[in-house]
Amino acid sequence: HLSAMLVDSGSPGVPVAHVYQWLPISYINDTNSLNVVAKPLQSLWYRIKVTDGNLCEAYDSVHINVNPPLTVIASPDDTICVNEVIQLIANVIDSGTLGVPAPYAYQWSPISGLNNPNIDMPLADPDTSTTYHLQIVDSNLCIANDSLTIHVSPYLDLEISEDTFICFGDSAFISASIDAGAGG
């Protein structure tokens, strides 16, 4: 949001009409207003020219520095077994702020099952399938988001027949059963 403060010219108590002109006109919502919203795609200078009813002019300018996009990829989407641990990874693809290296602020959520939700590569051991959301913020408060899903395979319970004795040359039937798991 760009804002200009007008110090009026003319006679005290006598209203004077003003004409406002912002340049360049690209990415501005209203180039003929004193207060405007600019959303440029690249860094650039904006200049305002104000002309009063007496044709007096005033100029000022402001530089809008647009950071490159900040992009992060959260990985991996994966499937684990109950009670297994997996490392989540935040991979910053585009660094965002030019000339400003990390640090980034990391926030993984939900925090349940994470050893530390505020680092780039936390360990996760969720009890159930969980979608983790990641938000990173750079030093200029630019934000990037991504998410990943860790599927948790149901607990696999295996039972086998009891120990038994057989005579030499005989055979034994061995049975096994499973309960839950992912099937296959």
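Residues numbered from 1 in each chain as written. Predicted model: local features only at pLDDT ≥ 70, side-chain atom pairs only at ≥ 80, totals over all residues. Heavy atoms only, no water.

Caption draft 1: Spatial organisation of the overall build of the chain. Within the chain one finds zero helices and 15 strands. Scored against the burial criterion, the 184 residues of the chain give a buried share of 26%. Considering only intrachain contacts with a sequence separation of at least 6, the fraction spanning at least 24 residues in the chain is 48%. For the chain, the exposed surface amounts to about 12,500 Å²; the carbon and sulfur share of it is 55%. (Helix = DSSP H or I, 4+ residues; strand = E, 2+ residues; numbered from the N terminus. Buried < 20%, exposed > 50% of the residue type's maximum accessible area, 1.4 Å probe, protein only. Contact = heavy atoms within 4.5 Å. Areas by Shrake-Rupley, 256 points an atom, 1.4 Å probe, with all protein chains shown as cover.)

Caption draft 2: Spotlight on the sheet that holds strand β7 (residues 78-81). Strand order in the open sheet formed by four strands is β7-β13-β12-β10, with mixed pairing between adjacent strands. If you trace the sheet from one side to the other, it starts and ends with β7 and β10 (105-109), each paired once. On average, adjacent strands in this sheet sit at an angle of 25° to one another, irrespective of strand direction. Sheet analysis places β7 next to strand β13 (residues 143-153), joined by four bridges and oriented parallel. Bridge pairing in β13 links Cys81 to Ser153. (Pairing = 2+ DSSP bridges. Axes fitted to C-alpha atoms, helices over the stretch in contact; angles between N-to-C directions.)

Caption draft 3: Structural view of the environment of Pro68. Along the chain, Pro68 falls in the loop between β5 (57-64) and β6 (70-75). With relative accessibility at 30%, the residue Pro68 sits in the partly exposed group. Taking the C-alpha atoms as reference points, Pro68 and Cys142, separated by 74 residues in sequence, lie 9.6 Å from one another.

Caption draft 4: Quick peek at the side chain of Thr31. One can find Thr31 in the loop between β2 (18-23) and β3 (35-36). With near-sequence residues (within four places) excluded, Thr31 lies in contact with Tyr20, Gln21, Trp22 and Ile25.

Caption draft 5: Representation of the sheet that holds β5. Pairing within the open sheet is antiparallel, and its three strands lie in the order β2-β4-β5. Lying at the two open borders of the sheet, with one neighbouring strand each, are β2 and β5. Taking each pair of neighbouring strands and ignoring which way they run, the sheet shows an average axis angle of 15°.

Caption draft 6: Just the environment of Ser109, in detail. For Ser109, the position within the fold is in strand β10. Given a relative accessible area of 31%, Ser109 falls into the partly exposed group. Measuring from C-alpha to C-alpha, the distance between Ser109 and Thr130 comes to 9.8 Å, with 21 residues separating the pair along the chain. For Ser109, the residues in contact, after removing those within four places along its chain, are Thr131, Tyr132 and His133.

Caption draft 7: Up close: the pattern of salt bridges. Under the criterion given, the structure shown has one salt bridge. Residue Glu57 is joined to Lys49 by a salt bridge in which the shortest nitrogen-to-oxygen separation is 3.4 Å. (Salt bridge = Lys/Arg side-chain N within 4 Å of Asp/Glu carboxyl O.)

Caption draft 8: Molecular detail of a nonpolar patch on the surface. Taken together, the side chains of Leu156, Leu158 and Ile178 present a nonpolar region at the surface, about 340 Å² in accessible area. Its place among the elements puts Leu156 in strand β14 (residues 156-160). (Patch = residues over 30% accessible without salt bridge, like charges linked within 9 Å, V, L, I, M, F, W, Y side chains within 5 Å.)

Functional significance is not addressed by these values, which are geometric in nature.
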